[in-house]
Amino acid sequence: MKIVSLIPARGGSKEIPDKNIVNLKGKPLIYYTIQASKNSSIDETWVSTNSSKISVISEGYGANIIKRPNEISKDDSKSEEALIHFAEKVDFDILVFIQATSPLLTSKYINLGLDMMKKYDSVFSVTREHWIPRWNKKHEPDGWDIQKRPMRQDVEEKFLENGAFYITKKQSLLESKLRYSGRIGMVEMPINLSFQIDTQDDLELVGKLL
């Protein structure tokens, strides 16, 4: 059973220039997810990128590189395109799709997910959400009644994808063209490890947590 990880990391970012390799506490952002992968039960760590700069940096930290074609490296390109491209070219049984924007991810949760693959077809990371009153753009309660405001403990908790990682089987990925399919399980991560870096504010916040 060969287990590999793939970290898609295309060059270019509008919000944060060179986001995937931006400096975070003295290391490029992608360093943290490469290390989480290498410290886990994963056999091979791969980075899919169209950037020579990202390739050199990632290889320096021990990752294998697969060149991502420019036609699937656009702003509107979906991660699944990179996953399928990888699956068609690399031999493996289980794929761990890790997002470089989740530097707080640790090998502990990756390994928990891999253990769960004994009874699931796909697994992904989540964080638990307690109910909070949400409002829509019309300044109206979203999904609750202002006259009957519920107590938090009376509303069923939900789980949010935190985007840190997704695990699936090669056959499932190629057949469904999706990051998860079949019987799906969830790995719960604490909220303090679930932050993703999409903005400069995120970068500063995560820098304080590392």
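This is a predicted model, so every value here is computed, not measured. (Residues numbered from 1 in each chain as written. Predicted model: local features only at pLDDT ≥ 70, side-chain atom pairs only at ≥ 80, totals over all residues. Heavy atoms only, no water.)

**Student:** Report on the side chain of Ser55, specifying residues and quantitative values.
**Tutor:** Relative to the assigned elements, Ser55 resides in helix H2 (residues 52–60). By relative accessible area, Ser55 is classed as buried at 15%. When sequence neighbours within four positions are dropped, the list of residues in contact with Ser55 reads Thr49 and Ile65. (Helix = DSSP H or I, 4+ residues; strand = E, 2+ residues; numbered from the N terminus. Buried < 20%, exposed > 50% of the residue type's maximum accessible area, 1.4 Å probe, protein only. Contact = heavy atoms within 4.5 Å.)

**Student:** Quick rundown of the nonpolar core? Include the residues and the values.
**Tutor:** With 39 residues, the main nonpolar core has Ile30, Val96, Leu105, Ile110 and Phe165 as its most contacted residues. Listed by contribution, the elements that provide at least two residues to this core are strand S1 (3–8), helix H1 (29–38), strand S6 (94–98), helix H4 (107–116), strand S8 (158–169) and helix H6 (200–209). Ranked by residues supplied to this core, first place goes to H1 with six residues. In this structure, Val96 is in contact with Ile3, Val4, Ser5, Leu6, Ile42, Ile110, Leu114, Phe165, Tyr166 and Ile167, ignoring residues within four places of it in sequence. Core analysis: the second largest hydrophobic core is formed by 16 residues, Leu6, Trp46, Phe124 and Leu173 among them. (Core = buried A, V, L, I, M, F, W, Y, C linked by side-chain atoms within 4.5 Å.)

**Student:** Could you give an account of unusual backbone geometry, naming the residues involved and the relevant values?
**Tutor:** The phi torsion at Asp18 lies on the positive side, around 50 degrees, for a residue other than glycine. Here Asp18 lies in the loop between S1 and strand S2 (23–24). For Asp18, a relative accessible area of 38% puts it in the partly exposed group.

**Student:** Break down the environment of Ala36 for me, citing the residues and quoting the values.
**Tutor:** With respect to the helices and strands, Ala36 occurs in helix H1. When the C-alpha positions of Ala36 and Glu161 are compared, they lie 19 Å apart, and in sequence the two are 125 residues distant. Contact partners of Ala36, with chain neighbours within four places excluded, come to Leu105, Thr106, Ser107 and Ile110.

**Student:** Now, about the sheet that holds strand S4 (residues 44–49): what can you tell me, with residues and values included?
**Tutor:** If you trace the seven strands from one edge of the open sheet to the other, you get S5-S4-S1-S6-S8-S7-S9, paired in mixed fashion. Looking along the sheet, the strands with just one partner apiece sit at the ends: strand S5 (64–67) and strand S9 (184–188). Adjacent strand axes in the sheet meet at a mean angle of 30 degrees, parallel and antiparallel pairs treated alike. With four bridges joining them, S4 and S5 adopt parallel strand pairing. Across the sheet, the residue bridging to Val47 is Ile65, located in S5. H2 rests against S4 and S5 of the sheet, and its axis sits at about 170 degrees to S4. (Pairing = 2+ DSSP bridges. Axes fitted to C-alpha atoms, helices over the stretch in contact; angles between N-to-C directions.)

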